[in-house]
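Chain by chain, the residues run as shown.
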Amino acid sequence: MDWNRYRFLSLWSLPAPPAAVYAVLERPEDYPRWWPQVRAVTRLDGSTGVLTIRSVLPYAMTFTARETRHDPDAGVLEITMSGDIEGWARWTVTADGPGTLARYEQVVHVNKPLLRWLAVPGRPVFRANHRLMMRSGRRGLMRHLEAV
C-alpha cells in the first residue's frame, strides 16, 4: 500500500439549481470568499492557478491546479494538481430533485515532506482533516448560494 496516496469522495446536496452551483464552482479565484480553508488562489492564466489550503491541522498545502476539463453541459470541472499534492480532482454537478448534487472526487499523492514522514501514523488524522475541510466547504457554499 502506498501510504502517501489518497482517494477522496464527497457528495454535497445543495438547495440550488445545477447551473448556479456550477457557476460558483467554476470560479476558483472566489473560493476563499466562501470556503475558509482555501486560503489563497492566484490565477496564472485562464486555465492555471496556484492554491493554498489549510484545514484544522497546522500545515498548509500549496499546489498548482491546471484545468483539464471545463464542460458546463455535462456539469464537469476537472483539474490536475502538482506541488505539495499531485494528482487530479473533479466536480460533477447534476440535478437532484429540486436542487443539486455536487460530487467531488480526488486522487492525490502527497509530496509535502512532513506529511510523507508522518504517513502511517497520521493517515487517519489526515483523512479526518480532509472531511472537516469538505464539510466546511459545503456549509460555506450553501451560505454563498443563499446570498446570491
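Details of the structure are given in the entry above.
Because the structure is a prediction, the values reported are computed rather than measured.

Notes on the sheet that holds strand 6 (residues 85-96)
Part 1 of the reasoning: Here we have seven strands laid out as an open sheet, ordered 1-7-6-5-4-3-2, and antiparallel in their pairing. Strands at the two margins of the open sheet, each flanked by one partner only, are strand 1 (5-14) and strand 2 (38-45). Sheet twist, expressed as the mean angle between neighbouring strand axes with direction ignored, is 20°.
Part 2 of the reasoning: One ladder, built from 10 bridges, connects strand 1 with strand 7 (residues 99-110); its direction is antiparallel. Residue pairing across strands places F8 opposite Q106, the latter belonging to strand 7.
Part 3 of the reasoning: In the packing of helix 1 (residues 18-25) onto the sheet, contacts are made with strand 1, strand 4 (61-71), strand 5 (76-83), strand 6 and strand 7, and the angle to strand 6 comes to roughly 160°.

Notes on empty space enclosed by the protein
Part 1 of the reasoning: Following the criterion strictly, the structure yields one cavity of 30 Å³ or more and no others.
Part 2 of the reasoning: Approximately 740 Å³ is the volume attributed to the largest cavity.
Part 3 of the reasoning: In this structure, the largest cavity is lined by 43 residues; those nearest its centre are F63, I79, M81, Y104 and Q106.
Part 4 of the reasoning: At the level of elements, strand 1, strand 2, strand 3 (48-53), strand 4, strand 5, strand 6, strand 7 and helix 4 (119-147) are the ones that each hand at least two residues to the lining of the largest cavity.
Part 5 of the reasoning: Considering each element in turn, the lining of the largest cavity owes the most residues, six residues, to strand 4.
Part 6 of the reasoning: Of the residues that constitute the lining of the largest cavity, the class distribution is 27 nonpolar, eight polar and eight charged.

Observations concerning the environment of T62
Part 1 of the reasoning: Structurally, T62 can be placed in strand 4.
Part 2 of the reasoning: In this structure, the C-alpha to C-alpha distance between T62 and R135, residues 73 residues apart in sequence, is 20 Å.
Part 3 of the reasoning: Among residues more than four places away in sequence, those in contact with T62 are V50, L51, T52, G83 and D84.
Part 4 of the reasoning: Among the polar contacts made by the side chain of T62, one reaches the side chain of T52 at a distance of 3.0 Å.

Quick notes on helix 4
Part 1 of the reasoning: Taking 1.5 Å per residue as the helical rise, helix 4 with its 29 residues ought to reach 42 Å, and the 40 Å between its terminal C-alpha atoms agrees with that figure.
Part 2 of the reasoning: The sharpest bend along helix 4 measures roughly 30° and falls at V125.

Re the packing of aromatic side chains
Given two aromatic rings, one states the distance between the centres and the angle between the planes to describe the pair.
Part 1 of the reasoning: The final tally for this structure, using the stated rule, is eight aromatic pairs.
Part 2 of the reasoning: One aromatic cluster is present, formed by W12, Y31, W34, W35, W91 and Y104 through successive ring pairs.
Part 3 of the reasoning: The ring of Y6 has R123 sitting right over it, with the charged end atom 4.2 Å from the ring centre.

Rules of the game
- Residue indices follow the written sequence of each chain, beginning from 1 at its first position.
- It should be noted that, the model being predicted, local features are given only for residues of pLDDT at least 70 and side-chain atom pairs only at 80 or more, the latter also being counted only at that level, while totals for whole chains, interfaces and linings use all residues.
- Excluded from the side-chain calculation are hydrogens and water; included are all heavy atoms of the structure.
- By this definition, two strands are paired if DSSP reports at least two bridges between them.
- Secondary structure elements are defined from DSSP: runs of H or I of at least 4 residues count as helices, runs of E of at least 2 residues count as strands, and each element is numbered from the N terminus.
- A fitted line through C-alpha atoms serves as each axis, taken over the contacting stretch for helices, and the angle formed by two N-to-C directions is quoted from 0 to 180°.
- Residues are treated as being in contact if the distance between any of their heavy atoms lies within 4.5 Å.
- We place a 1 Å grid over just the protein atoms. Points where a 1.4 Å probe fits but has no way out form a cavity, open points with protein on both sides within 12 Å along at least 5 of 7 lines form a pocket, and any residue with an atom within 4 Å of a point lines it.
- Grid points are joined across faces, edges and corners, and a volume is the space filled by probe spheres set on the points.
- Think of it as three bins: nonpolar holds Ala, Val, Leu, Ile, Met, Phe, Trp, Tyr, Cys and Pro, charged holds Asp, Glu, Lys and Arg, and polar takes everything else, Gly as well.
- Polar contacts, as used here, are pairs of N or O atoms within 3.5 Å; protein pairs need one atom able to donate a hydrogen and one able to accept it. Residues neighboring in sequence count only if both atoms are side-chain atoms.
- A helix is expected to span 1.5 Å multiplied by its residue count minus one.
- Fitting one axis to the seven residues ending at a residue and another to the seven starting there, the bend at that residue is the angle between the two axes.
- Classification of ring pairs rests on two measures: the distance between centres of Phe, Tyr or Trp rings, Trp counted by its six-membered ring, which must be within 6.5 Å, and the angle between planes, read as stacked under 30 degrees, edge-to-face over 60 and tilted in between.
- Comment: the charge-over-ring label is applied if NZ (Lys) or CZ (Arg) is within 6 Å of the ring centre and within 35 degrees of the ring normal.

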